[in-house]
Amino acid sequence: MVKNLLWHINSKGMLPLLGGIALSACAPKTEPQEKRDVLQFVDPMIGTGFHGHTFPGPVVPHGQIQPSPDTHIMGWEASSGYHYDDKTLYGFSQNHLSGTGIGDLGDFLFLPFTGEVGAEKPVGRLDHNGEVATPGYYSIEVLPWDIKAELTVTERVSWQRHTYPQDSEAQLMIDLSHILQPNWGHLLLESEIQILNDSTITGYRRTSGWANEDPIWFSCSFDSPIQMAKIIQDSIPVQGNQGKGKALITYLSFGKLSRPLNVKVAISSVDGPGSMANLATLAMDTSFDTVVSRARRTWRQELEKIEITTKDTTILTNFYTALYHSRIAPMTFSDADGRYRGMDGNIHKKRYGKRYTAYSLWDVYRSWYPLMTLIDPDMAREWAYDIHQHAEEGGLLPKWPLNANYTGTMVGYPAVTILADALGKGLLDSLPERVLNTAVRSSQWQPEFHEKHKGTRAERVMPKHIYYKEKLGFVPMDRQKESVSYGLEMAYYDWCIARMAEQLGRESIATTYRKKAKAYEHYFDSKIGFMRGKNEDGSWNPNFNPRFSDHLKSPFVEGNSWQWTPFVPHDLKGLRTLMGGKEKMGVWLDSLFTTSSVIEGENASADITGLIGQYAHGNEPSHHVPFMYQETDRPWRTQEVLNTIMYDFYAPTPEGIIGNEDCGQMSAWYVLNALGLYQVTPGIPEFTIGRPLVDHARLQLPRGVFTMEVANNSRSNKYVHRVSLNGKALETPILRYTDIAPGNILSIHMGNTPKKTE
């Protein structure tokens, strides 16, 4: 409890940057290092509290289905369907988003119970006593009925095993009316269910929410015969074995069972036969325990791609849980036969690879994708092409695509960063010209797309910000909300396009977009040293306050000017010049990290969490900022800030992620930085050496092992003193992407004092 109290204080207040006593409830646990099962260091409960928005249910890497308990329906904390502080257990739905700030999915809720069916649908109680969450397996005692519910999963099949008390009537509810965040506009449009025989049920529903048009089918089978079934529509029993409507709930009775009830479920966004075919991927003679073992083996193989050594078990748990969370999204969206619903609403079929969904692009380009290019470059290539295929079907690059929908969520056209990074690392080995042309088209005002999707979320893929960028060179705050954040992000995205054009020899495009990449200069007011909203006539915002936040209504997205002024990752030297040179940029950064953490404004964004001064680690625009010290006269401050963030903002508790997990971004940031590596500018294939937490690491690359050795490392020895690659000293703390290669050895020597001079 002491740790949790400190955690919540830290999340809203200022943490010490230099010296002093670090906030911690206890010293790190240590034990001798030996070969251990990596899965013991994965805790899916991390992030289920505070605003992490993760779910604890089982999943395999990038699987199609994610069964998990639903405990939270209304409000922000319902984004994944589960929150650790809840007391209610509604049941187990079949698909979930990991760590998002908006809720969706939560389709097809199953709840085991006993006793008679009443006028009100049954609701369970959540009790963490006996709750178990590990990779590939989840179980909980469903109260008040004392039913042991267990979940496991394959890539396409959810498996529930329910053990009912002896001499109790085994009942099961299938609730097609259950929905997450209905108060935020997630609506059920229609649903259907059909009992095919005494062991098989199929169904369908269509919702509209974050994904505007989202049809989904399910098929499920039981290993005990259904003895009685009741379909309820709007509180009225339906005659026969099928029902159709909105408030559709089915109650199944299996009698008094002497063994557990096994329920297998598969889903499809294509059609009913697709869900049946996905269900058939699970062999009839496979046991529940075998599926658990296979899922755990899959996770073990995935997580062992990075082997780290440290005596601090807290770091081990934080690290491998973070790596686990980074391999949940994006999720498989195509069926076993390769069919999927495309961005044009039509059914397509993959010739090779898969279709994926839930790309949180504005978040994950910063850390998640760079991490994937290291440990899984083949998948990184597949995802880049898949993102491009979204554009081939829908017309423009996606912005937070979900289940064949343009949601238009967040800023600009961030997909170009993924494409630029993939091209810069040699991962786009075909169609590069077409990819570049798509990126250019997505960055320019397309009035036809805007008009076609007007009034829907898809309209935000081509917002008027792009129109003003093209017309004026900047986005005026008196014409568009969130103008500065859009302007800064689009300047970086245009730089990414310039990089792609340079590599492909398209000099005319490169020249045009290099100029656009300088647009960040429009927003910097040199008199005050901050990015600031500007009106169409060129006048500055007269009511400027760098601490002020007004969610969705100010010139800044989910933040304020303190947090957005540093967002020039593609031209930190140019920003340094605007700020007045190395020393003045260093002074500005010191002010950022030591000023008061008070956020002003009655409608301040809830995303501003994890504060050190005004630095907000709980939201993605800040994630590169600690490395900006490398461009100042005090580069060692990078290591001081990183030390504070990693030790105080990541913890092996439900509250252990300081902001929305965002489909792996918060976790991937930790994985990279615990290794001592960070790609400050996706699009430049280089990693900066920061402050490693581990003593030793082995990265299993496709063709061999890259090794990292960290000497004299401890919590107090946070400063990098010497770095060498294969015994040769590095002149700068930079590794090229090609340096992280099989057989290479990176050696880092740490110390307890800053290395201020050579």
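Residues numbered from 1 in each chain as written. Predicted model: local features only at pLDDT ≥ 70, side-chain atom pairs only at ≥ 80, totals over all residues. Heavy atoms only, no water.

1. Examining helix α13 (residues 507–516)
Three or more residues of α13 are buried, namely I509, A510, Y513 and K516. Taken end-on, α13 shows its buried residues confined to a sector of 120°, consistent with a single buried face. Projecting away from the buried face of α13 at angles above 90 degrees are the exposed residues S508 and K515. In the core, the buried residues of α13 are packed alongside α9 (432–443), α11 (464–472) and α12 (483–503). (Buried < 20%, exposed > 50% of the residue type's maximum accessible area, 1.4 Å probe, protein only. Helix = DSSP H or I, 4+ residues; strand = E, 2+ residues; numbered from the N terminus. Arc of directions from axis to C-beta. Contact = heavy atoms within 4.5 Å.)

2. Focus on the pattern of salt bridges
Counted by the stated rule, this structure contains 45 salt bridges. Among the salt bridges present, the one from R161 reaches E150, with a minimum N-O distance of 2.9 Å. One end of the pair, R161, is in strand β9 (residues 157–163); the other, E150, is in strand β8 (residues 147–153), with 11 residues separating them in the sequence. A relative accessible area of 16% places R161 in the buried class. We classify E150 as buried; its relative accessible area is 5%. For R339, the salt bridge identified is with D271, shortest N-O distance 2.9 Å. Here R339, found in strand β21 (residues 339–341), pairs with D271, found in the loop between β18 (261–268) and α2 (272–279); they are 68 residues apart in sequence, far enough to count as distant. Several salt bridges share partner residues, and in doing so they unite D590, D633, R634, R637 and E640 into one network. (Salt bridge = Lys/Arg side-chain N within 4 Å of Asp/Glu carboxyl O.)

3. Considerations on the sheet that holds strand β36 (residues 734–736)
The antiparallel open sheet is built from three strands, whose spatial order is β30-β31-β36. Each edge of the open sheet carries a strand with a single partner, namely β30 (677–678) and β36. Taken together, the two bridges between β30 and strand β31 (residues 686–689) define a ladder with antiparallel strand orientation. Paired with L677 across the strands is I689, a residue of β31. (Pairing = 2+ DSSP bridges.)

4. What to know about unusual backbone geometry
Here the amide bond leading from L143 into P144 is cis, since omega sits at 10°, within 30 degrees of zero. Relative to the assigned elements, P144 resides in the loop between β7 (137–142) and β8. Residue P330 is reached from A329 by a cis peptide bond, and omega for that bond is -5°. Positive phi is not limited to glycine here, since D234 has a value of about 50°. The residue D234 is located in the loop between β14 (228–233) and β15 (236–238) in this model.

5. With respect to the pairing of β9
On a regular strand, one side chain projects to one face of the sheet and the next to the other, so that they alternate. Most of β9 is tucked away: six of the seven residues are buried. Where β8 lies against β9, six bridges are found, and the strand directions are antiparallel. Pairing of T152 across the sheet is with W159, part of β9.

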